[in-house]
Amino acid sequence: MKRTPSVVLGLCSYTHDSSAALLVDGELTGFVEEERLSEEKHTKLYPARAIEWLLGQAKLTAADVDAVAYNFQPARYLAESPVALRLALSPATRDRALARAHGFAKVALRTQFRLRVIGRQFPAARVVPVLHHRAHQLTAFAASGWDEAAVLVVDSLGERQTTTIAHGHTALRPVTRTLEAINDPASLGYVYGAVTEHLGWRRGDEEGTVMALAALGDPARFRHLFAQAVRTTATGFHINPAYFPTRTLTSGYERTSGRFVAETCPERHPSEPLAEVHQDLAAALQERTEQVMVHLARRARALTGSPRLCVGGGVATNCVSIGKIIEAGIFDEVFVPPAPGDAGTAIGAALAVHVDVRSPRPLAGVARTCYLGPSYEDQPLDLAPWPGLHQKTLGIETAEFLADQLAHGTIVGLFQGAVEAGPRALGNRSILASPLEPGVVERLNATVKFREPFRPFAPMVLAERADEFFTLGQQAPYMSMASGVTDKTRERVPAIVHANGTSRLQTVTRSQNPFMHAVLTAFGRRTGVPVLINTSLNVKGKPICGTPEMALDCLANSGLDALLLEGRWITK
C-alpha cells in the first residue's frame, strides 16, 4: 500500500527565483525564497539555506522528508521536440526549427538530471515532478481560500505551456482542472521580456520598470505594430514570428527580429538616455498586454462561469493589467497570491503531491497567508561590523513612535516578524515614508533606492478607509493590483499617484498585520491621512532584506534615516 507522505518539500530550483516550501501533515509550515538568505537576487542555485531553515524550524532532517515536489516535468519538455520540427514547414519559422527541437530536448535531459541530484539529498523521499502550470494554479487557488474559482495562469514558459485556464474547487482538498491551454511559441511573458531587454533592462527582473515607463509614453505610435505582433483569437492569442522569432531555449538567438527593430528603434544600451521612442514602445507593449489579459479573463469567465478569478504566473505581477481586469467588471472579485511567479510554485508543487496521494489530512496554513519566512525576534544584535550605527530599545508604544517619526519626515526601514512571500514588501521588510513630505518620491529614488526617477512608490492604506482614497472596490492585501484614485487622493497625497493616474496599493487589516495597522491608524490620527508609502527594504539590484545583517547593510549604505529592527531603533 502506498505510504501517504506526511512531510512534503516543494522546490523551485536551478532556473530562477529558487525557493522552498514545507508541508507537514498537510500544514504549510514555511516558505522562503533563497535570495532572502543568500543575498543573490533571482538566484537559480539549489535553495540550501531555505531548506535548512525549513527543516530546522520543523525539527526534521533530510531523512524525514517523504516526498520532494519539483516544479517542472522533464518529459513535457521532450514532447515539444518533434512538434518543433514541424516549424521547418513554414518559411517564417524554418530557420529555428532544429535549434528549438534541440533546445527543448536538452532542457528535458537537464531537468531529469536535476531530479536525480535532488533525490540524492533526501534518501527516504520520492522525487515527484509536477507540471509547472499546475503548480501555479494550485498556489493561486489554495492561497485564495475560496471554495471555487476560475484560475488563469500566464507566464513565459512552463514546459510547453504559457497560458492556462482552469477551474478550481475545494471539497476535501483544492483541485484545479485545466480547461484550455496555450502552448509556446504563443507567450505573453516572452514578448514582455523581449521588449524589456530591447529597452535596456534585465529580462526576468526589470519588467516592472518597463511597466512604470509605459505611463509616460503614447501607445498610439506603435499600437498597430503590437496588434499585428500579438493577435488575439477566439480562444487566446498568437505571436507573429516576423516580430518575435520563435523561442529556442539556447543562447545566441535574438528575441526580437530585424523587422521589429526597423519599425521601432535600435536596441537601447542601459547607459543611454531614455528617449520618447522608448516611452512610446513601453506604452504600446503595456497597452497590448492589458488588452490580452482582459481578453483571457473574459475567456476564463466564459469557460468556468465562476464569479471569482485567481491569477498566477509571472505576468500576474503586472499590476496594471490586474487592475484592468478588475475595472472591466468581468468578475465579482479577483485574487493574486503573494508569490504569483515561479518562486511560489514551490508551494503549488508540494500541494500537488498532497492532493494526488489523497491525504486525509486537511490543508492548513496556505489560505490568505504571506508572512511565511524566517523571523529574528528576541535575537541579540551586534553592531560591531557597522561602527557608524547606534541603537536604542523602544518601549511598548513602538507603533506610536514610528508613526510620529514618519509624520515628521523620517524615512524608515522596517524589519519585523517573518519574511514576506513574493516580490512585494508587505510591512515586515519595508521602507516607509510619509506621502505628505515634499519631494519624498525624488528623495527615495535618488538617495535610498538608487533607481530611475520615473519609478512610482506604492501606498499602503487602512483597509477600512481604502474607499476614501482608491476606486478599486475590493481588498488588495498583497500589493498586486493597480487602482484608480479619488479626488481626495489627488488633492491630499499626489505623491502616491503614478503618471497613469493609478496606485499599486496594499490594503492592511488588523488581522493581517496588527503592527502596521496600528502604525497607519496612528499616522492617520496625526495627519488625517491613513496612507504611507511602502517600498521594499532593499536597493536596486539587491533582494529584499531577509536577515538582520542585510537590513543593517541597507541602512549603512543608503539614504535611509533609520531602521526599526525588532523593537530597536537604529540610526547613523
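Caption draft 1: Seen up close, the packing of aromatic side chains. Enumeration according to the criterion identifies 11 aromatic pairs in this entry. Ring centres of F226 and F260 lie 6.5 Å apart, and the angle between their planes is 80°; this geometry places the pair in the edge-to-face category. In this pair, F226 sits in helix 9 (residues 223-229) while F260 sits in helix 10 (residues 258-263), placing the two residues 34 residues apart along the sequence. Classification of F226 as buried rests on a relative accessible area of 1%. Under the relative-accessibility criterion, F260 is labelled buried at 0%. An aromatic cluster of at least three residues, connected via ring pairs, comprises Y70, F72, Y77 and F104. A cation over an aromatic ring shows up here: R451 above the ring of F457, its NZ or CZ 4.1 Å from the ring centre.

Caption draft 2: Main features of the pairing of strand 14 (residues 412-415). Residues V412 and L414 point to one face of strand 14 and G413 and F415 to the other, with burial holding for every one of them. Of the strand pairs in this sheet, strand 14 and strand 15 (residues 429-433) are connected by four bridges, and their pairing is antiparallel. Residue pairing across strands places F415 opposite R429, the latter belonging to strand 15. The sheet contact formed by strand 14 and strand 20 (residues 562-565) spans four bridges and is parallel. Its bridge partner being in strand 20, L414 is matched across the sheet by L564.

Caption draft 3: Focus on the nonpolar core. Residues F226, F244 and L309 are the most contacted members of the largest nonpolar core, which totals 123 residues. Per-element tally for this core: the top contributor is helix 11 (residues 276-304), with 11 residues. The residues touching F226, leaving out its near neighbours within four places in the chain, are V195, F244, F260, L281, A284, L285 and R288.

Caption draft 4: Representation of the sheet that holds strand 15 within the structure. Within the open sheet, the nine strands sit side by side as 13-21-20-14-15-19-16-18-17. Their pairing is mixed. Each edge of the open sheet carries a strand with a single partner, namely strand 13 (390-393) and strand 17 (481-484). When the angles between neighbouring strand axes are averaged without regard to direction, this sheet yields 35°. In terms of strand pairing, strand 20 meets strand 21 (residues 568-571) through four bridges, oriented antiparallel. Bridged to L565 within strand 21 is R568.

Caption draft 5: Highlighting the packing of helix 7 (residues 188-198) against helix 8 (residues 207-214). Running from amino to carboxyl end, helix 7 crosses helix 8 at an angle of 80°, the nearest separation of the two axes being 9 Å. By the criterion of interaxial angle, the relationship of helix 7 to helix 8 is roughly perpendicular. Note on element contacts: helix 8 touches helix 7 through E207, V210 and M211, opposite Y192, G193 and T196. Looking at the contact of helix 7 with helix 8 residue by residue, the class counts come to three nonpolar, two polar and one charged.

Caption draft 6: Layout of the pairing of strand 18 (residues 502-508). Within strand 18, six of the seven residues are buried, leaving the element largely enclosed by the surrounding structure. Here strand 16 (residues 459-462) pairs with strand 18 via three bridges, running parallel. Looking at the pairing, M460 lines up with Q506 of strand 18. As defined by bridge partners, strand 17 adjoins strand 18 across four bridges and the pair is classed as antiparallel. Residue pairing for strand 18: M481 is matched across the bridge by L505.

Caption draft 7: Main features of the pattern of salt bridges. Evaluated as defined, the whole model comprises 28 salt bridges. A salt bridge links D356 to R134; the nearest nitrogen and oxygen atoms lie 2.7 Å apart. In this pair, D356 sits in helix 13 (residues 345-356) while R134 sits in helix 6 (residues 132-144), placing the two residues 222 residues apart along the sequence. Given the relative accessible area of 47%, D356 is considered partly exposed. Using a relative accessible area of 22% as the deciding quantity, one classes R134 as partly exposed. Here the salt bridges share partners, and the residues they tie into one network are K41, R202, D205, E206, E452, R455 and K540.

Calculation rules
- Residues numbered from 1 in each chain as written.
- Predicted model: local features only at pLDDT ≥ 70, side-chain atom pairs only at ≥ 80, totals over all residues.
- Heavy atoms only, no water.
- Phe/Tyr/Trp six-rings, centres within 6.5 Å; stacked < 30°, edge-to-face > 60°.
- Helix = DSSP H or I, 4+ residues; strand = E, 2+ residues; numbered from the N terminus.
- Buried < 20%, exposed > 50% of the residue type's maximum accessible area, 1.4 Å probe, protein only.
- Lys NZ or Arg CZ within 6 Å of the ring centre and 35° of its normal.
- Pairing = 2+ DSSP bridges.
- Core = buried A, V, L, I, M, F, W, Y, C linked by side-chain atoms within 4.5 Å.
- Contact = heavy atoms within 4.5 Å.
- Axes fitted to C-alpha atoms, helices over the stretch in contact; angles between N-to-C directions.
- Parallel < 35°, antiparallel > 145°, perpendicular 65-115°, else oblique.
- Nonpolar A, V, L, I, M, F, W, Y, C, P; charged D, E, K, R; others polar.
- Salt bridge = Lys/Arg side-chain N within 4 Å of Asp/Glu carboxyl O.

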